[in-house]
Amino acid sequence: GAGVSQSPRYKVAKRGQDVALRCDPISGHVSLFWYQQALGQGPEFLTYFQNEAQLDKSGLPSDRFFAERPEGSVSTLKIQRTQQEDSAVYLCASSSRPDRGNQPQHFGDGTRLSIL
Amino acid sequence: AQSVTQPDIHITVSEGASLELRCNYSYGATPYLFWYVQSPGQGLQLLLKYFSGDTLVQGIKGFEAEFKRSQSSFNLRKPSVHWSDAAEYFCAVGAIQMTGTASKLTFGTGTRLQVTL
């Protein structure tokens, strides 16, 4: 497909379980972002990759959150020991070039995570 | 730190009426500004963007936005709304990066647009 693909679309987990969310960016896109969108809110930045390098992880809310992009394409966001406040939609976005930040980001449809 | 304010949480307009969604930003220099639209259960679709140059930018679906530096605003407009425009609209600002890295976006809380027939 031509767009950003995220899986699963929906994930339900019990509190304390670990989850892994996958993002497949647009082919050739160098930059990849993860955002968290709580109900009724705008997306909030979590972390940023340029190729395989994680250049900014300032938005990760705790050390339970971990992201990787080992080969510079697909990325995985992992949340360990999930808590109810982790319930949100997790959005992935990619952009083609990092040149001074002026490339628009293309978003996937997100993964809706519900923690019971 | 950059920030975005969308003062209107919810707006209702009649189909065919004009629309203006407000966005105010806070940033120390000239920002990159975006409007995205989100339908229920979907990701965000880019409507338009402003980087530099002409302060009136045209986007998809008949939308336009005007950058006003003096007012720190980037309001979204459409002359005639269609029922299919009902959705959540987000304004976002990106910081200029001098180090060759992409810019994370800071979003407003969104404005939900309802269109009555």
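Residues numbered from 1 in each chain as written. Chains lettered and ligands numbered in written order. Predicted model: local features only at pLDDT ≥ 70, side-chain atom pairs only at ≥ 80, totals over all residues. Heavy atoms only, no water.

(A) Geometry of the interface of chain A and chain B. Taken together, the contact pairs 27 residues of chain A with 24 residues of chain B. With both chains or domains summed, chain A and chain B bury close to 2,000 Å², and 55% of this area falls on carbon and sulfur atoms. At the junction of chain A with chain B, the criterion picks out one salt bridge. The closest approach of N and O atoms between lysine 104 of chain B and aspartate 56 of chain A, which form a salt bridge, is 3.9 Å. (Contact = heavy atoms within 4.5 Å. Buried area = accessible area lost by both parts, 1.4 Å probe. Salt bridge = Lys/Arg side-chain N within 4 Å of Asp/Glu carboxyl O.)

(B) Structural detail: the state of the cysteines. As enumerated under the stated definition, the model contains two disulfides over all chains in all. For cysteine 23 of chain A, the disulfide goes to cysteine 92 of chain A, at an S-S distance of 1.9 Å. Measuring handedness by torsion sign, the sulfur bridge of cysteine 23 of chain A and cysteine 92 of chain A sits at about -65° and is left-handed. Of this pair, cysteine 23 of chain A sits in strand β3 (residues 19–24) while cysteine 92 of chain A sits in strand β9 (residues 88–95), placing them 69 residues apart in sequence. There is a disulfide in this structure between cysteine 23 of chain B and cysteine 91 of chain B, and the S-S distance comes to 2.0 Å. Handedness here is read from the sign of the S-S torsion; for cysteine 23 of chain B and cysteine 91 of chain B, about -65°, the answer is left-handed. Of this pair, cysteine 23 of chain B sits in the loop between β3 (19–21) and β4 (24–26) while cysteine 91 of chain B sits in strand β10 (residues 87–94), and the two are 68 residues apart along the sequence. (Disulfide = S-S within 2.5 Å. Helix = DSSP H or I, 4+ residues; strand = E, 2+ residues; numbered from the N terminus.)

(C) Representation of the pattern of salt bridges in the model. All names here are of chain B. All told, the structure shown has nine salt bridges over all chains when counted by the stated rule. Among the salt bridges present, the one from arginine 22 reaches aspartate 8, with a minimum N-O distance of 2.9 Å. Here aspartate 8 lies in the loop between β1 (3–5) and β2 (10–14) and arginine 22 lies in the loop between β3 and β4, a separation of 14 residues in the sequence. Arginine 77 is the partner of glutamate 64 in a salt bridge, and the nearest nitrogen-oxygen pair spans 3.2 Å. In this pair, glutamate 64 is assigned in strand β8 (residues 64–68) and arginine 77 in strand β9 (residues 73–78), connecting sequence segments 13 residues apart. Ionic contacts of the salt-bridge type, sharing partners, join the residues Glu64, Glu66 and Arg77 into one network.

(D) Geometry of the environment of phenylalanine 107 of chain B. Within the secondary structure, phenylalanine 107 of chain B sits in strand β11 (residues 105–107). Taking the relative accessible area as the measure of exposure, phenylalanine 107 of chain B reaches 9% and is therefore buried. The sequence separation of phenylalanine 107 of chain B and glycine 94 of chain B amounts to 13 residues, and the corresponding C-alpha distance is 9.0 Å. Excluding residues that lie within four positions of it along the chain, phenylalanine 107 of chain B makes contacts with Tyr35, Gly42, Pro43 and Phe107 of chain A together with Val4, Tyr36, Leu44, Phe90, Cys91 and Ala92 of chain B. (Buried < 20%, exposed > 50% of the residue type's maximum accessible area, 1.4 Å probe, protein only.)

(E) Up close: the sheet that holds strand β7 (residues 65–68) of chain A. All names here are of chain A. Taken in spatial order, the four strands of this open sheet run β1-β3-β8-β7, and their pairing is antiparallel. Either end of the sheet is taken by a strand with one partner, and the two such strands are β1 (5–7) and β7. Taking each pair of neighbouring strands and ignoring which way they run, the sheet shows an average axis angle of 15°. Here β1 pairs with β3 via three bridges, running antiparallel. Counted as the bridge partner of serine 5 is aspartate 24 from β3. (Pairing = 2+ DSSP bridges. Axes fitted to C-alpha atoms, helices over the stretch in contact; angles between N-to-C directions.)

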